[in-house]
Each structure stands twice: as C-alpha cells, then as structure tokens.
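Now for the letters of each chain:
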Amino acid sequence: MAVDYDIIVIGGGSGGLVVASAAAQLKAKVALVERDRLGGDCLWFGCVPSKSLIHASRRAYQVKNAAKFGIHTTSPTINFAEAIAHVQQVIKNIEPHDSPQRFQGLGVEVIFGDGQFIDAKTFAVNGKKLTARAFVIATGSRAAIPNIPGLTEAGFLTNEQVFSLEKCPKSLAIIGAGPIGCELGQAVSRLGSEVTIISSRDHILPKEEPEAARVVEQQFQAEGIRILPKSRAETVEIAQGKKLIKAGNNTVIVDEILLASGRSPNVESLNLEAAGVAVEPGGIKVNEKLQTTNSRIYACGDVIGGYQFTHVAGYEAVVVLTNALFFPVSKVNYRVIPWATFTDPELARVGLTEAQAKAAYGDDVYILRQQFSDVDRAQAEGETGGFGKIIVRGNGDILGAHIVGPVAGELIHEVVLAMANNLKVSALTGIHVYPTLSEVNSKAALLLKKRKFAESKWQQSLLNRFFDWRRSLH
Ligand SMILES: Cc1cc2nc3c(=O)[nH]c(=O)nc-3n(C[C@H](O)[C@H](O)[C@H](O)COP(=O)(O)OP(=O)(O)OC[C@H]3O[C@@H](n4cnc5c(N)ncnc54)[C@H](O)[C@@H]3O)c2cc1C
Ligand SMILES: NC(=O)c1ccc[n+]([C@@H]2O[C@H](COP(=O)([O-])OP(=O)(O)OC[C@H]3O[C@@H](n4cnc5c(N)ncnc54)[C@H](O)[C@@H]3O)[C@@H](O)[C@H]2O)c1
C-alpha cells in the first residue's frame, strides 16, 4: 500500500531539522511534526542563550579584573535585565534560520501538533493519520527532576526558565556540577549572584579528565563560587521566604534553585509501545544504524541518550538520513567526538581520557602535556592557567586530547582534524604562527619526539659519536 511520505520527522530541533531539510533537498516527500516551536533546546533554552549569557558575564569579569593590565575602572554596574535582553536578542537573530517559512521553502511540510503512533507505520497528529516509509524520532530531552522531598513545593528553575529571569537571584544553589551547572553557575555568579554548586562527585565536571576539571574548579573557588563536593541535595524546605537545602552535613539557604542534574528523554506522549519502539532508562534504544527496535523508525539526538550535544545530534541526523532514505548501511562511529564546556577557562576534549587510554593500551601510552604558561601568547594575555594534553601511542597514533585554558573549544579542532584523518601526532608539529595560543598543540605534539629521543640511549650515543668524529676531522 502506498504511503503518504518518504519520511516523517518528529521533533524540530538540532537533529530533526537537519534530517528534514536535507531529505527535502534530496527531493524526498517530508513531514516535520513539532509540538512547540522549531529550533529545539539549543536555540531556545540551551547552547545559544547559555553562550550569550556567558559572554555577557565574561565582559563583567574582564572589566572587574582589568587592573592587572593597568586599566583601572570603578566596579561595573551590572544590569541583569539588559544582559538577559542581549540573550533574547541573540535568539531572535538566529531564529529565522530555524523558521517554519524557511523549511517550507525547502519543501518540508511543517505540522505543528503533539502526535502519537497508532501502529508501526502510522503517526496521528491533529486528527490526521500520516503514513511513511520511515520515521525519525528527534524529540530531544528536558531537565531531569530529581526526587528530592520538598523540591517541588519550594519551586525551582531549569534551563527553560533561567534565560528569561527578570532579576539576578541574590543567591542561587545549583544541583549538579555537570556542564549546565558549571557554565551557568559561573555566569550567574559573575553577574552578581552568590552561587553554591552541589556536586554529587568529588570534583566538578565528572565526565572530564580529572586534572583538567580541577583547573576549572580552582578558578571557581578563586571567584568565590562555593562548591560542595560529594554532596547530594537530600531535602528542600521553605524557611522565612528562602529555600533551605540539606546536602549531607551542609545546609544551603538561597533565593533560587537551578536544577542541572542530568536530562530525561522526551518520549512519554509518543505512544511508542504501539510502534514497537523500546525505551531504556537513558533514552530510546537504537542499534549502530540508529534504528529503533522497529527497523523503519530511527531516532537521533538527545532522545537516545549518549553524547547529548548539538553537533552530535547533527552528525547522527546525517547517519539517519542516509539509512532512512536509501539503504540502512551507515553506522555511527563515536571515536572522534569533540566537545567543550564554556566555563572560563574553557575545557575541551576529544577521544579518550588518560585512564581510558591506559586501560586500553597499557604501557603503550604517552602523555604529552604542555602548560599554557610556556606559550608566549598566553603570557601576553595573562591566561596562563591550564594546559593542553595529548594522549598518544608510541607509534604516534592520537588517542585523545584535553585542553583547559583560553579558547580551548577552538583549539581542540586541530587535534580533531588529525584524529579524524588518522594522522600521527607529528602532523601537529607543522609550522604554527607565532605567537598564537594554538602553539599549545604543536609544543605538546613535539614532546613525543623529544621523549623518545631522551629514552633512546643508542640514538644519543650514535649522535655523540657522529659529532665527535666530525670535530676530529678539523
Ligand atoms: C543549558 C544548555 C546548554 C547547552 N549547551 C550546549 C553547547 O554549548 N553545545 C552543544 O553542543 N550542546 C549544548 N547543549 C545540548 C544541546 O542543546 C542538545 O544536545 C541538542 O539540542 C539536542 O538536539 P535534539 O535534536 O536531540 O533535541 P532538541 O534540539 O531539543 O529538539 C527536540 C524538539 O522536539 C520537540 N518535541 C519534543 N517532544 C515532541 C513531541 N512529542 N512531538 C513533536 N515534537 C516534540 C521539541 O519541542 C524540540 O523542538 C546544551 C543544552 C542545555 C540544556
Ligand atoms: N557546552 C556544552 O556542550 C554543554 C553545555 C551544557 C549542557 N550540555 C549537554 O547537556 C547535558 C546535560 O547537562 P547536565 O549538566 O544537566 O548533566 P550531567 O549529567 O552532565 O551532569 C549532572 C550532574 O549532576 C549530578 N547530580 C544528579 N543528581 C544530583 C543531586 N541530587 N545532587 C547533586 N548532584 C546531582 C550527577 O551526578 C551529574 O554529575 C550534558 O551531558 C551535555 O551533553 C552541553
């Protein structure tokens, strides 16, 4: 029986928009179902507003701390509402890129509504039954709400409210020390709030290389951000108009609470059972081809858990696109997935941590560490905290890299390019412009050659004998 569409995409965010626009441009008949606005978390409540708020807060910090460069100012007046207005303006500037008109212009049928599967081949929305050869679920995630007694009654913010606050909370407790808690914690602190971060683990940013996360943690402490390590928020009460959180032996009393304790997949309203799509605790279950347990239904982005980043949703969307429209032969490969946490200093990563590399390759692991204090440009800019660390095998294969320091999120891409193209670490020793921060990569990369030479007694003795011989000729 003929179907209505080649592909129906459910969810118009980072993943779904890529599938829908590319499929339409490839001449497929495409419907895109969105229950709210196109753009997803990244545009409305995620990457775009967070990076805009971080930028405003960095300016405040730089003005406050300009005296070390001989620039003396009075303490800046921070108008939080204007900082939020900047955030909202950036969203407005980017929004047209994700507008329904743009997608309709590309040939996508955009349907606003909250639909559900009624069987393995049919999705119902706004009272209409739509059939397709393939479906893509790209409904994203939302803030997980931990089961903490008193939390709901006391009230809390998530990433969906924080970017439209009218006033900077005088004090803010953040539950969770992952990227959301750390990025927003530092930003709101720099804009004037007294911030406490409740971290269930012994250090912040637990998914990162521990020594890199410690550099960020030290900066947070230097800025007066209170971190409660190895603490879980256990109860919340209202006391004299404030929110009182018990976390282990600590009591935190604040005006507002921000939840940043992980994400829940948006699956509830889709009636996935009717379509034979299985869901696991982290999200929709998929295979390497991103097929769900119903092979005609694909899923990508935050809703499948895993790496919850905009660029990963985009990468997965391309895998889904080729599999769903043509033949299901493409498999995801997560070997070279970079990401960055936009704290100050930034922390960027690609590939394995040192512990993962040692578990996989034992003694055949070299750690090439270059401090920013030995990079002249970092000295010039007073940004000497932090380091670049490239993890390699003895044959020069790059296993991973971690950069904590200025513009780490930009600097990581040189290593990403090398890894993605299976280049040896020596490829990073090519000529770099002096003085640039990217010398952190070339200097680190050179260390393998230096280390191997230092370890090789025969090379050293050969060269000693060679120079002895050459001098003897004169
Ligand atoms: C504060 C914050 C900061 C972040 N910063 C970064 C960053 O700097 N870099 C980065 O790479 N990532 C960042 N992320 C993560 C990034 O936002 C997500 O990984 C990305 O948006 C996931 O894309 P997606 O397509 O899976 O979901 P989304 O982009 O959220 O799209 C899902 C869409 O599906 C719709 N939807 C949901 N349910 C239904 C339904 N039943 N029917 C129809 N439509 C539905 C939603 O309305 C939404 O439009 C951040 C996230 C947060 C919260
Ligand atoms: N720059 C970026 O790319 C960026 C920025 C923000 C978010 N993101 C994405 O969004 C995802 C979600 O971020 P997140 O920070 O919410 O989640 P996360 O899962 O990375 O971190 C949440 C942390 O909160 C802790 N936690 C949970 N319950 C707690 C409790 N009761 N008390 C104290 N701590 C508790 C968890 O142990 C965990 O370490 C990230 O994994 C990332 O993929 C990316």
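Residues numbered from 1 in each chain as written. Chains lettered and ligands numbered in written order. Predicted model: local features only at pLDDT ≥ 70, side-chain atom pairs only at ≥ 80, totals over all residues. Heavy atoms only, no water.

Asker: Talk me through the domain arrangement of the protein chain; I want residue IDs and the actual numbers.
Answerer: Its domain assignment divides the protein chain into domain 1 (5-143 + 264-325), domain 2 (152-262) and domain 3 (345-457). In this structure, domain 1 and domain 3 have C-alpha centres spaced 33 Å apart. (Domains from an automatic or database assignment.)

Asker: Mind laying out the site of ligand 1, listing which residues take part and the relevant values?
Answerer: Among the 36 residues in the neighbourhood of ligand 1, the closest are listed as Gly15, Glu34, Lys51, Asp302 and Thr310. Within the contact set of ligand 1, a nitrogen atom lies 3.2 Å away from a backbone nitrogen or oxygen of Arg35. Measuring from a nitrogen atom of ligand 1, one finds a side-chain N or O atom of Ser269 at 3.3 Å. In the complex, the protein chains occlude 93% of the 1,000 Å² of accessible area that ligand 1 would expose alone. Those elements that place two or more of their residues in the shell around ligand 1 are helix H1 (14-25), strand E2 (30-34), helix H2 (40-44), helix H3 (47-64) and helix H10 (310-325). A breakdown of the residues in the shell around ligand 1 according to their chemical character gives eleven nonpolar, 16 polar and nine charged. (Near = heavy atom within 4 Å. Polar contact = N/O pair within 3.5 Å; in protein donor to acceptor, adjacent residues only side chain to side chain. Areas by Shrake-Rupley, 256 points an atom, 1.4 Å probe, with all protein chains shown as cover. Helix = DSSP H or I, 4+ residues; strand = E, 2+ residues; numbered from the N terminus. Nonpolar A, V, L, I, M, F, W, Y, C, P; charged D, E, K, R; others polar.)

Asker: Run through the side chain of Glu316, naming residues and quoting values.
Answerer: With respect to the secondary-structure elements, Glu316 resides in helix H10. For the buried Glu316, which has no salt bridge, the nearest side chain bearing the opposite charge is Lys207, at an N-O separation of 13 Å. Excluding residues that lie within four positions of it along the chain, Glu316 makes contacts with Leu290, Cys300, Gly301, Ile304, Val332 and Tyr334. (Buried < 20%, exposed > 50% of the residue type's maximum accessible area, 1.4 Å probe, protein only. Lys, Arg positive; Asp, Glu negative; His and termini not counted. Salt bridge = Lys/Arg side-chain N within 4 Å of Asp/Glu carboxyl O. Contact = heavy atoms within 4.5 Å.)

Asker: Please set out the UniProt feature "binding site: FAD" (unreviewed entry) in the protein chain residue by residue, giving values where relevant.
Answerer: Sequence positions flagged by UniProt for "binding site: FAD" (unreviewed entry) are, in local numbering, Lys51, Gly115, Thr139, Gly140, Ser141 and Asp302. Across 252 residues of sequence, these annotated residues are also dispersed in space, with a maximum C-alpha separation of 32.0 Å. Examined against the element boundaries, Thr139 turns out to sit in the loop between strand E6 (128-137) and strand E7 (141-143). In contact with Thr139, other than residues within four places in its own chain, are Ile10, Gly11, Asn266, Leu270 and Val303. Within the local environment of Thr139, its side chain forms a polar contact with the backbone oxygen of Asn266, the two atoms lying 2.6 Å apart. (UniProt positions renumbered as here; feature names shortened; annotations may be inferred.)

Asker: Can you tell me about the packing of helix H14 (residues 439-455) against helix H15 (residues 457-472), naming the residues and giving the values?
Answerer: It is the contact of H14 with H15, at a shortest axis distance of 5 Å, that shows an interaxial angle of 80°. With respect to H15, the element H14 is oriented roughly perpendicular. Residue-level inspection shows Phe453, Ala454 and Glu455 of H14 in contact with H15, the latter providing Lys457, Gln459, Gln460 and Leu463. Of the residues belonging to the contact of H14 with H15, the class tally is three nonpolar, two polar and two charged. (Axes fitted to C-alpha atoms, helices over the stretch in contact; angles between N-to-C directions. Parallel < 35°, antiparallel > 145°, perpendicular 65-115°, else oblique.)

Asker: Could you give an account of the sheet that holds strand E9 (residues 194-198), naming the residues involved and the relevant values?
Answerer: Sheet strands pair via backbone hydrogen bonds, and the direction of the pair is either parallel or antiparallel. Spatially, the four strands line up as an open sheet ordered E10-E9-E8-E14, and their pairing is parallel. In the strand order of this sheet, the two ends are held by strand E10 (226-228) and strand E14 (256-259), each with one partner. For this sheet, the mean angle separating the axes of adjacent strands, direction not counted, is 20°. As defined by bridge partners, strand E8 (residues 171-175) adjoins E14 across four bridges and the pair is classed as parallel. Among the inter-strand pairings, Ala173 is bridged to a residue of E14, identified as Ile257. Contacting E8, E9 and E14, helix H7 (residues 179-190) crosses the sheet at an angle of about 165° to E9. (Pairing = 2+ DSSP bridges.)

Asker: Summarise H1; cite the residues concerned and give the values.
Answerer: Along its twelve residues, H1 runs 17 Å from first to last C-alpha, staying within 8% of the 16 Å computed at 1.5 Å per residue. Those residues of H1 not exposed but buried are Gly15, Gly16, Leu17, Val19, Ala20, Ser21, Ala23 and Ala24. The inward-facing, buried residues of H1 contact strand E1 (5-10), E2, helix H5 (100-105), strand E3 (108-112), E6 and H10. The positive-phi residue at the C-terminal boundary of H1 is Lys27, with phi of around 80°. (Expected span 1.5 Å × (residues − 1).)

Asker: Any details on the site of ligand 2? Residues and values, ideally.
Answerer: What surrounds ligand 2 is a group of 25 residues, the closest being Glu183, Ser200, Lys207, Gln308 and Ala340. Within the side chain of Glu183, an N or O atom sits 2.7 Å from a nitrogen atom of ligand 2. Interatomic distance of 2.7 Å between a side-chain N/O atom of Ser200 and an oxygen atom of ligand 2. For the shell around ligand 2, the elements supplying multiple residues, two or more each, are H7 and strand E19 (338-341). When residues of the shell around ligand 2 are assigned to their parent elements, the largest contribution, three residues, is made by H7. In the shell around ligand 2, the residues fall into twelve nonpolar, eight polar and five charged. When residues of the shell around ligand 2 are assigned to domains, at least three fall in each of domain 1 (5-143 + 264-325) and domain 2 (152-262).

Asker: Please give an account of the pairing of strand E13 (residues 250-254) that cites residues and values.
Answerer: Both strand E12 (residues 242-247) and E13 contribute to a ladder of five bridges, which runs antiparallel. Directly across from Leu244, in E13, lies its bridge partner Ile253. Taking the residues between adjacent antiparallel strands as the criterion, E12 and E13 are bridged by two residues, where Gly248 takes a positive phi near 60°.

Asker: Can you break down the packing of H3 against H7 residue by residue, with the values?
Answerer: It is at 8 Å that the axes of H3 and H7 come closest, and there the two elements cross at 45°. With respect to their mutual orientation, H3 and H7 come out oblique. For the crossing formed where H3 meets H7, the hand is left-handed. Contact residues: Ser50, Lys51, Leu53, Ile54, Ser57, Arg58, Ala60, Tyr61 and Lys64 in H3; Glu183, Leu184, Ala187, Val188 and Arg190 in H7. Within the contact of H3 with H7, the residues separate by chemical class into seven nonpolar, two polar and five charged. (Left-handed = near helix turned anticlockwise from the far one by under 90°.)

Asker: Got a sec to walk through the packing of aromatic side chains? Specific residues and values, please.
Answerer: Tallied over the full model, the rule gives eight aromatic pairs. Measuring from ring centre to ring centre gives 5.8 Å for Tyr307 and Trp339, while their planes differ by 50°; the resulting arrangement is tilted. Within this pair, whereas Tyr307 is found in the loop between strand E18 (297-299) and H10, its partner Trp339 is found in strand E19, the two being separated by 32 residues in sequence. On the basis of relative accessible area, Tyr307 is assigned to the partly exposed category, the value being 29%. Put simply, the rings of Tyr307, Phe309, Tyr315, Tyr334 and Trp339 pair up and form one aromatic cluster. Arg102 extends its terminal NZ or CZ atom over the ring of Phe103, reaching a point 5.2 Å from the ring centre. (Phe/Tyr/Trp six-rings, centres within 6.5 Å; stacked < 30°, edge-to-face > 60°. Lys NZ or Arg CZ within 6 Å of the ring centre and 35° of its normal.)

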